[in-house]
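Residue strings, one per chain:
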Amino acid sequence: MPDDASFRPKAELMQDDEVLRFVQLFTRLGFDKYRLTGGEPTVRAGVVDLVRAIAHTEGVRSLSMTTNGVLFSRLAEPLAKAGLQRVNFSLDTLDRVKFAQLTRRGDLSEVWAGIQAAEKYGLTPVKINVVVVRGYNESDVVELARLTRQHPWQVRFIEMMPFAGATDFQQEQAVRADEVQSWIEQALGPLEPVNGGELDGEAVLYHLPDSQGDVGFISTVSKPFCPSCSRARLTADGRLRLCLLSEKEVDLLTPMRAGASQAELRELILEGIWGKPWGHKLAEGKVPLNRTMSEIWG
């Protein structure tokens, strides 16, 4: 996020009861796997109570969270008891100085404590998401991958995606997954495919010899997995975004607040899902410009 970022009034964002109503509605439509992302979900007031309510909604099979980890050590136990099942941590470097430069706030030791707390309270397998940016953290790739030798974690390297804002930078400084893979293999040895190279969610997983964990690659740009994607995203302002890299959205919060019935909201969702793109248009130079990544909330 930019240093001078401004924040939307809370009244424009989904309230807890609205989040729960949407969870119930989507679950009746067949969704059973949910993830709380950011911004940063751990700064939301009452996040433990919200997790508990979602986890106890009939039909919810899986509930996970993506976090920057700064506050997670103090929330891991209550979140686990509330029903959270797994956590992804966003961590782009293991260098304390570089971490402070990249994040402009927080302390690497706090994130590390959060990861250890996730393990302690059974929020596993721990997944660490690394966005590789040329000129910033490509020298950290090998040490991050090396973590899988000592820990049963997934360390997943993600290609940087272009959005509104620093679009030129995002495209020029992006690093392809096959390049990252070559760096790891040169330093640590051959990577062996896991599950025959089949996708695990959105990642292709590999295993280093004598390692406890796995190395993953999310090649959204160079090797898109769009045909197999069954995900939908509900932004904090209540818009159904059918593809991270598409501008198409369906406003659900406004009609809900205007008194739309469950049946009417259901039809809006079904119409939106029916129009889910089959793939992004990055190869044709079409970059989503209606929101920055921080406005899509992770």
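As a reminder, the structure under discussion sits directly above these lines.
The structure reproduced in this document is the subject of the present report. Just so it is clear, the structure is predicted and the values come from calculations on it, not from any experiment. (Residues numbered from 1 in each chain as written. Predicted model: local features only at pLDDT ≥ 70, side-chain atom pairs only at ≥ 80, totals over all residues. Heavy atoms only, no water.)

Here we come to the overall build of the chain. Across its full length, the chain holds 11 helices and 12 strands. Taking all contacts inside the chain whose residues are at least 6 apart in sequence as the whole, residues at least 24 apart take part in 69%. (Helix = DSSP H or I, 4+ residues; strand = E, 2+ residues; numbered from the N terminus. Contact = heavy atoms within 4.5 Å.)

Enumeration according to the criterion identifies 5 aromatic pairs in this entry. Relative to F217, the ring of Y206 lies with its centre 5.7 Å away and its plane at 70°, an arrangement referred to as edge-to-face. Here the residue Y206 occupies a position in strand β8 (residues 203-207), and F217 occupies one in strand β9 (residues 214-218), the gap between them amounting to 11 residues. Residue Y206 is classed as buried on the basis of its relative accessible area of 16%. Grouping aromatic residues by their ring pairs yields a cluster made of F157, Y206 and F217. (Phe/Tyr/Trp six-rings, centres within 6.5 Å; stacked < 30°, edge-to-face > 60°. Buried < 20%, exposed > 50% of the residue type's maximum accessible area, 1.4 Å probe, protein only.)

Before going further, it helps to spend a moment on the sheet that holds strand β11 (residues 239-241). Strand order in the open sheet formed by 3 strands is β10-β11-β12, and the pairing between neighbours is antiparallel. The sheet is open, and its two borders are formed by β10 (233-234) and β12 (249-251), each paired with just one other strand. (Pairing = 2+ DSSP bridges.)

This part is about the pairing of strand β4 (residues 127-132). Within β4, 5 of the 6 residues are buried, which leaves it mostly tucked inside the rest of the structure. With respect to chirality, the unit in which β4 leads through helix α6 (residues 141-150) into the neighbouring parallel strand β5 (residues 154-159) is right-handed. (Right-handed = clockwise from strand over helix to strand, strands pointing away.)

Attention shifts here to the nonpolar core. Grouped together as the largest cluster of nonpolar side chains are 65 residues, with contacts concentrated most on V51, F72, L84, I128, F157, I184 and F217. Examining the composition of this core, we find that 6 residues originate from one element, helix α1 (residues 16-28), more than from any other. Filtering out sequence-adjacent residues up to four positions away, I128 remains in contact with F89, L91, I115, L147, W153, Q154, V155 and R156. Core analysis: the next-biggest nonpolar cluster, separate from the first, contains 5 residues, V194, A203, L205 and I218 among them. (Core = buried A, V, L, I, M, F, W, Y, C linked by side-chain atoms within 4.5 Å.)

Our focus in this paragraph is α6. V141, V142, L144, A145, L147 and T148 are the residues of α6 that are buried. The inward-facing, buried residues of α6 contact α5 (108-120), β4, β5, α8 (177-188) and β9.

Using the criterion set out here, one finds 15 salt bridges in the structure. The residue K81 makes a salt bridge to E77 at a minimum N-O spacing of 3.0 Å. With K81 and E77 both in helix α3 (residues 72-82) and 4 residues apart, the pair spans about one turn of that helix. A relative accessible area of 66% means that K81 is categorised as exposed. Across the pair E267 and R266 runs a salt bridge whose closest N-O atoms are separated by 3.6 Å. Assessed through its relative accessible area of 38%, R266 is described here as partly exposed. Residues joined by salt bridges that share partners form a network here, namely R156, E202 and R231. (Salt bridge = Lys/Arg side-chain N within 4 Å of Asp/Glu carboxyl O.)

Inspection of the entire model under this criterion finds 1 cavity of 30 Å³ or more. Taken together, V132, F157, I158, E159, V175, A177, V180 and F217 make up the lining of the largest cavity. Those elements that place two or more of their residues in the lining of the largest cavity are β5 and α8. With 3 residues, the top contributor of residues to the lining of the largest cavity is β5. Its residues placed into classes, the lining of the largest cavity shows 7 nonpolar, no polar and 1 charged. (1 Å grid on protein atoms, 1.4 Å probe; cavity = no way out; pocket = protein on both sides within 12 Å on 5 of 7 lines; lining within 4 Å. Points joined across faces, edges and corners; volume = space filled by probe spheres on them. Nonpolar A, V, L, I, M, F, W, Y, C, P; charged D, E, K, R; others polar.)

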